[in-house]
Amino acid sequence: MHGDVTVTFSGFVATTPTLFTSGSGTDFTSFRIAQTRRYLDRERGEWVDGRTLWFTVKAFKHVARNVATSLHKGDPVVVSGRLSVDEWTGPDGPRTSLVVEATSLGHDLTLGESRFARTVHRREDTGTAALDAAEGAVEEEAPADEEHLATV
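Residues numbered from 1 in each chain as written. Predicted model: local features only at pLDDT ≥ 70, side-chain atom pairs only at ≥ 80, totals over all residues. Heavy atoms only, no water.

A. Quick peek at the overall build of the protein. Looking only at helices and strands, one finds two helices and 10 strands in the protein. If you list the helices and strands of the protein from N to C, you get β-β-β-β-α-β-β-β-β-β-β-α. For the protein, the residues scored as buried account for 24% of the 152 residues in total. Contacts in the protein between residues far apart in sequence, at least 24 positions, make up 50% of those at least 6 positions apart. When the accessible surface of the protein is summed, it comes to about 11,200 Å², and 50% of that surface belongs to carbon and sulfur atoms. (Helix = DSSP H or I, 4+ residues; strand = E, 2+ residues; numbered from the N terminus. Buried < 20%, exposed > 50% of the residue type's maximum accessible area, 1.4 Å probe, protein only. Contact = heavy atoms within 4.5 Å. Areas by Shrake-Rupley, 256 points an atom, 1.4 Å probe, with all protein chains shown as cover.)

B. View of the pairing of strand β5 (residues 76–90). Pairing of strand β1 (residues 5–13) with β5, which is carried by eight bridges, proceeds in the antiparallel orientation. Opposite S10, over in β5, you have V78 as the bridge partner. Bridge count for β5 against strand β6 (residues 93–107) is 14 bridges, and the pairing is antiparallel. Looking at the pairing, L83 lines up with V100 of β6. (Pairing = 2+ DSSP bridges.)

C. Expanded view of the pairing of β6. Bridge analysis of strand β4 (residues 46–60) against β6 gives four bridges, and the strand direction is parallel. Bridging from a neighbouring strand, V57 pairs with V100 of β6. Between β5 and β6, which pair antiparallel in sequence order, lie two residues.

D. Representation of the nonpolar core in the model. Counting 14 residues, the largest nonpolar core has F9, F31, I33, V57, V77, V79 and V100 as its most contacted members. Contributions of two or more residues to this core are made by β1, β3 (27–41), β4, β5 and β6. Not counting residues within four places of it along the chain, the set of residues in contact with V57 comprises F9, T29, S30, F31, I33, V79, V100 and A102. (Core = buried A, V, L, I, M, F, W, Y, C linked by side-chain atoms within 4.5 Å.)

E. Local environment of the environment of T26. The residue T26 is located in the loop between β2 (18–21) and β3 in this model. C-alpha separation for the pair T26 and K61, spaced 35 residues apart in sequence, amounts to 6.1 Å. Not counting the four nearest positions on each side in its chain, T26 is found in contact with F20, T21, F60 and K61.

Here you go:
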C-alpha cells in the first residue's frame, strides 16, 4: 500500500511463536526477533557485537498457522513486511516497540537447512478458504533430479 514502510531483515526467533485467535475469529501469530549487527573493529582488530534491535513480528490467517508450526525459539529467520511502531506508557514511562506485519518469512538458509512442505488450501461449502489439516493435505515437493540440476 502507498506510504507503507517495507523492511527485510534477518535475526533469531527470541520467543516461542504463539498462535492466537482474535475476537472476530482471525488467527494470528506473534513472536519477537532479536537482530544484532556484528562488525569488525579495525582499531582492536576483532569482531564485536553492536546494539541488539528487537522486533515484534505478527502474521495473520494461514500464514499464522504455518509460522506456529514451523518456527521455534532460536531459529534463524528472514522476515519481510510492513514496519510500524507501537507506543504506550508503561510503569517506567513512555515505551515503543518496532512491529513488522510479515508478508513473507522463513528460515535463514545461510545458517542451516530446512525442508519445505506445501500446504494445500481447500474451499469449504460455505465458499471460504480453509486450511485442510487432514494427514493427506500436505504435499512435499519431489526431490530435484541431480541430472536436471547439472543441466540448469
